[in-house]
Amino acid sequence: MAADGPPLFDVSRVATLASLSLDEAEAARFQNELATIVAYFAQLEQLDTRDVPATAHVQLDRLPVRADEVTPCLSRDQALAAAPSVEGGSFAVPTFVE
Amino acid sequence: MLHGVIDLGVIGIAERVRRGEITAEEVTAAALARIDAKNGVLNAFLHVAHDQALEQARAIDERRARGEPLGRMAGVPVGVKDAICTRGMPTTAGSKILAGYVPPYDAAVIERLRAADAVLIGKTNLDEFAMGSSTENSAFGPALNPWDTTRTPGGSSGGSAAAVAARLVPCALGSDTGGSIRQPASLTGTVGIKPTYGRVSRYGLIAFASSLDQIGPLAADVRGGARLLSVITGHDARDSTSLDVAPSDLEAACGLSLKGLRIGVPDEYFAEGLDPEVGDSVRAAIAALEQHGCVVRGVKLPHTRYALATYYVLATAEASSNLARFDGVRYGLRVEPRHDLRAMYGATRDAGFGAEAKRRILLGTFVLSAGYYDAYYLKAQRVRTLVRRDFDAAFREVDVLCSPASPTPAFRLGERVDDPLAMYLGDVYTLPASLAGVPAMSVPCAPTRSGLPVGLQIVARPLDEATMLAVAAACEAAFPCASPP
């Protein structure tokens, strides 16, 4: 982290992106803890990886592909059974478009 | 110490139930009695399915009475890590955000267990969303280590490990993303197997880091673990990473000769930070394998020291994405401070997630965010390739790798909770095999002088669980599994 300028890891910016409403004490604690861990990640910079391909998944080359067919799934009632709020056979949420 | 019928182990119970020498109901009642006596202290189970388990057991006994053949897990009580969905039984992932959630469907592994006539006895404790190495991140209190209840059983599958170690059940399911089966197995003196990535369907496993997550067994003995693994293994079109490969006879593999087998011992796994007693115990186990005719040689896995940073970039990135689904809309907790959607998301997630889940969501969101993606996430994916290449190179020279599973024996509760990086460093020997997607397991070797369990980690080539289990069975013969006093 540079001595001046904004911190590399900015907890308030990241918490907004992650939809987490942290209180002030939490935000201060995570700012310190996670800045330390992000600094630890910097060791990866020591490695020259310009000619190294990325691994997103292991062994994808062996994976079978399934047929694109309609198969049975949960009923509407089953899918809604654990929802905190249901209206008119749908998941209910606060209004977000007027 | 004897615990009656549970001491018969997976195979001993299943074969006796199949022959009608004991009933599934007797076995289930014995397991429930052990759980009722011990779980108040150990907190290994978050939910005990008393009535459902006895019903399942009676149905199995009735089928036998009618002359129907029973499955390979006949009457065997199985603990299920509470990150695995069970129809009609609560599934919380150790999180307040899912408290009281009852899934409408079974995970693929649960379907397979039911089809094999296992008895689902209950749901075991874990670190919230399988994020942790001690179960101290469980929203429902930590599980304790039956060898010393001031210590952790490890994590994240610590409840499953504690339940097996205390012989509440002969086996349990865990899940392993960076060591969450092997490390608790090591700390509790149980057998813990992480299969090859793709061997076992994750359909119905609450996802943590999808490029790494794998379900596997914890068991009181190697052959019992082999049987449970063979039952849950197999292709499932509902998990797009599920491999369609021919199964091998894993129980027979436990009796294979090791003559001429080449064991590689990676120097990097015996470096700074290793408890000397753990090192001595693991070296003694490797020497015992040499007596079985194995050839032992040193190997290099030079990118080992980068595995921890690589793992915590990739796993947190995937976790931040997977945990985005917990938003208070379709299931679980909802907190609605005012009639506003974004405020509902933020308040629900702040109230529902514990500190470690939040840490990982924040880290993962950061490494995926604009301006940092290439420097952290893409970089870590490239280093992951280097870690995989280390294993590819080593397996050109040797058949398996042997090392400690954990650098220390079970640590005390509270010892690492205030230092996340210190907690992460405890996973240093299990993470590389996770990144490489290769099978790996922990099997008990000689305990420390104070009687704490130590695990030998065995790592094999992709899909070569058979050789790994053969080595584990030889280790078990030299250092028989014990159970705590």
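This text follows the structure it describes.
All of the points below concern the structure found in this document. (Residues numbered from 1 in each chain as written. Chains lettered and ligands numbered in written order. Predicted model: local features only at pLDDT ≥ 70, side-chain atom pairs only at ≥ 80, totals over all residues. Heavy atoms only, no water.)

## Side note on the overall build of chain A
Item 1. In terms of regular secondary structure, chain A is built from three helices and two strands.
Item 2. Moving toward the C terminus, one meets the helices and strands of chain A in the order α-α-α-β-β.
Item 3. Per element, the accessible surface of chain A, about 6,700 Å² overall, is 53% carbon and sulfur. (Helix = DSSP H or I, 4+ residues; strand = E, 2+ residues; numbered from the N terminus. Areas by Shrake-Rupley, 256 points an atom, 1.4 Å probe, with all protein chains shown as cover.)

## Some remarks on the overall build of chain B
Item 1. From N to C terminus, chain B includes 16 helices and eleven strands.
Item 2. At 21 Å, chain B has a C-alpha radius of gyration in line with the 23 Å of a compact globule built from 485 residues.
Item 3. With respect to the three principal axes, the spread of C-alpha positions in chain B is 60 × 55 × 45 Å.
Item 4. Per-residue burial over chain B gives 66% buried out of 485 residues. (Rg over C-alpha atoms; globule rule 2.2 N^0.38 Å. Buried < 20%, exposed > 50% of the residue type's maximum accessible area, 1.4 Å probe, protein only.)

## With respect to the side chain of Arg416 of chain B
Residues and elements named next belong to chain B.
Item 1. By the element assignment, Arg416 lies in the loop between strand S9 (400-404) and helix H14 (420-425).
Item 2. For Arg416, which is buried and forms no salt bridge, the nearest opposite charge comes from Glu415, at a distance of 4.4 Å.
Item 3. Excluding residues that lie within four positions of it along the chain, Arg416 makes contacts with Thr408, Phe411, Ala422, Met423 and Gly426. (Lys, Arg positive; Asp, Glu negative; His and termini not counted. Salt bridge = Lys/Arg side-chain N within 4 Å of Asp/Glu carboxyl O. Contact = heavy atoms within 4.5 Å.)

## Remarks on the interface of chain A and chain B
Item 1. At the interface, 53 residues of chain A touch 72 residues of chain B.
Item 2. Overall, the association of chain A and chain B removes approximately 5,500 Å² of surface from exposure, summing both partners, and the carbon and sulfur fraction of that is 66%.
Item 3. Summed over the shared surface of chain A and chain B, the number is two salt bridges.
Item 4. Taking the shortest distance from any N to any O, the salt bridge between Lys358 of chain B and Glu26 of chain A comes out at 2.4 Å.
Item 5. Scanning the region where chain A abuts chain B turns up 20 residue pairs in polar contact (both at pLDDT 80 or more).
Item 6. For the side of chain A that touches chain B, the leading source of residues is helix H2 (residues 24-41) of chain A, giving nine residues.
Item 7. Here the residues of the side of chain A that touches chain B sort into 33 nonpolar, twelve polar and eight charged. (Buried area = accessible area lost by both parts, 1.4 Å probe. Polar contact = N/O pair within 3.5 Å; in protein donor to acceptor, adjacent residues only side chain to side chain. Nonpolar A, V, L, I, M, F, W, Y, C, P; charged D, E, K, R; others polar.)

## Observations regarding the environment of Leu421 of chain B
Item 1. For Leu421 of chain B, the location among the structural elements is in helix H14.
Item 2. Look at Leu421 of chain B and you get buried, because its relative accessible area is 18%.
Item 3. Residues Leu421 of chain B and Leu308 of chain B lie 113 residues apart in sequence; the distance between their C-alpha atoms is 9.9 Å.
Item 4. If we skip the residues at most four places from it in the chain, Leu421 of chain B touches Ile37 and Tyr40 of chain A.

## Observations concerning the pattern of salt bridges
Item 1. Applying the stated criterion to the full structure yields 32 salt bridges over all chains.
Item 2. Here Arg114 of chain B makes a salt bridge to Asp106 of chain B, at a shortest N to O gap of 2.7 Å.
Item 3. Of the residues examined, Arg114 of chain B reaches a relative accessible area of 27% and is grouped as partly exposed.
Item 4. In this structure Asp106 of chain B comes out as buried when scored by relative accessible area, which is 6%.
Item 5. Because the salt bridges share partners, they merge into one network encompassing Arg29 and Glu33 of chain A together with Glu356, Arg359 and Arg360 of chain B.

## Side note on unusual backbone geometry
Residue and element names in this part refer to chain B.
Item 1. The residue after Gly155, namely Ser156, is reached through a cis peptide bond having omega 10°.
Item 2. Mapped onto the elements, Ser156 comes out in the loop between strand S3 (119-124) and helix H5 (158-165).
Item 3. Look at Ala93: it is not a glycine, yet its phi comes out positive at around 55°.
Item 4. For Ala93, the position within the fold is in the loop between strand S2 (77-81) and helix H4 (108-115).
Item 5. Looking at Ala93, the relative accessible area reads 0%, which means it is buried.
Item 6. The phi angle at Ala130 is positive, at roughly 65°, despite the residue not being glycine.
Item 7. Looking at the secondary structure, you find Ala130 in the loop between S3 and H5.
Item 8. The exposure class of Ala130 is buried, given its relative accessible area of 6%.

## Brief notes about the nonpolar core
Item 1. Core analysis: the largest hydrophobic core is formed by 171 residues, its most contacted members being Met73, Leu113, Phe129, Leu362, Phe391, Leu456 and Ile458 of chain B.
Item 2. The element contributing the most residues to this core is helix H10 (residues 307-322) of chain B, with ten residues.
Item 3. Not counting the four nearest positions on each side in its chain, Leu362 of chain B is found in contact with Phe9, Val11, Val14, Ala15, Leu20, Leu22, Phe30 and Leu34 of chain A. (Core = buried A, V, L, I, M, F, W, Y, C linked by side-chain atoms within 4.5 Å.)

## Regarding the packing of H10 of chain B against helix H12 (residues 355-368) of chain B
Residue and element names in this part refer to chain B.
Item 1. Axis separation between H10 and H12 bottoms out at 7 Å; the angle between their running directions is 100°. With respect to each other, H10 and H12 are oriented roughly perpendicular. From H10, Tyr312, Val313, Thr316, Ala317 and Ser320 reach across to H12, where they touch Arg360, Ile361, Leu363, Gly364, Thr365, Val367 and Leu368.
Item 2. Looking at the contact of H10 with H12, its residues break down into seven nonpolar, four polar and one charged. (Axes fitted to C-alpha atoms, helices over the stretch in contact; angles between N-to-C directions. Parallel < 35°, antiparallel > 145°, perpendicular 65-115°, else oblique.)

## Details of the packing of aromatic side chains
For any pair of aromatic rings, geometry is given as the distance between the ring centres together with the angle between the planes.
Residues and elements named next belong to chain B.
Item 1. This structure, assessed with the given rule, holds 16 aromatic pairs over all chains.
Item 2. Ring centres of Tyr373 and Tyr377 lie 5.2 Å apart, and the angle between their planes is 50°; on these two criteria the pair is classed as tilted. Linking Tyr373 with Tyr377, this pair stays in helix H13 (residues 373-397), spanning four residues, or about one helical turn.
Item 3. In this structure Tyr373 comes out as partly exposed when scored by relative accessible area, which is 34%. (Phe/Tyr/Trp six-rings, centres within 6.5 Å; stacked < 30°, edge-to-face > 60°.)

## Observations concerning the sheet that holds strand S1 (residues 45-48) of chain B
Residue and element names in this part refer to chain B.
Item 1. With mixed pairing, eleven strands are arranged side by side in an open sheet as S1-S3-S2-S4-S6-S5-S10-S11-S9-S7-S8. Edge positions in the sheet fall to S1 and strand S8 (295-299), since each has one partner strand and no second. When strand polarity is set aside, the average angle formed by the axes of neighbouring strands in this sheet is 25°.
Item 2. As paired strands, S1 and S3 are joined by three bridges and run antiparallel to one another. In the sheet register, Val48 faces S3, and the bridge partner there is Gly122.
Item 3. Helix-sheet contacts for helix H16 (residues 465-478) involve strand S5 (191-194), S9, strand S10 (440-444) and strand S11 (455-460), and the interaxial angle to S10 is about 10°. (Pairing = 2+ DSSP bridges.)

## A closer look at the environment of Pro409 of chain B
Residues and elements named next belong to chain B.
Item 1. In this fold, Pro409 is placed in the loop between S9 and H14.
Item 2. In the structure, Pro409 is positioned 281 residues away from Glu128 in sequence and 22 Å away in space, judged by C-alpha atoms.
Item 3. Excluding anything up to four places from it in sequence, Pro409 contacts Leu187, Asp275, Val278, Thr448, Leu452 and Pro453.

## Observations regarding a nonpolar patch on the surface
Item 1. Taken together, the side chains of Val93, Phe96 and Val97 of chain A define a hydrophobic patch exposed on the protein surface, amounting to about 300 Å² of accessible area.
Item 2. Checked against the element boundaries, Val93 of chain A lands in the segment after strand S2 (90-91). (Patch = residues over 30% accessible without salt bridge, like charges linked within 9 Å, V, L, I, M, F, W, Y side chains within 5 Å.)

## Details of the pairing of strand S7 (residues 262-266) of chain B
The side chains of a regular strand alternate between both faces of the sheet.
Residue and element names in this part refer to chain B.
Item 1. The element S7 is largely enclosed, with a buried count of four among its five residues.
Item 2. Sheet analysis places S7 next to S8, joined by five bridges and oriented parallel. Across the sheet, the residue bridging to Gly264 is Arg297, located in S8.
Item 3. For the handedness criterion, the β-α-β arrangement of S7, helix H9 (residues 276-291) and S8 is classed as right-handed. (Right-handed = clockwise from strand over helix to strand, strands pointing away.)

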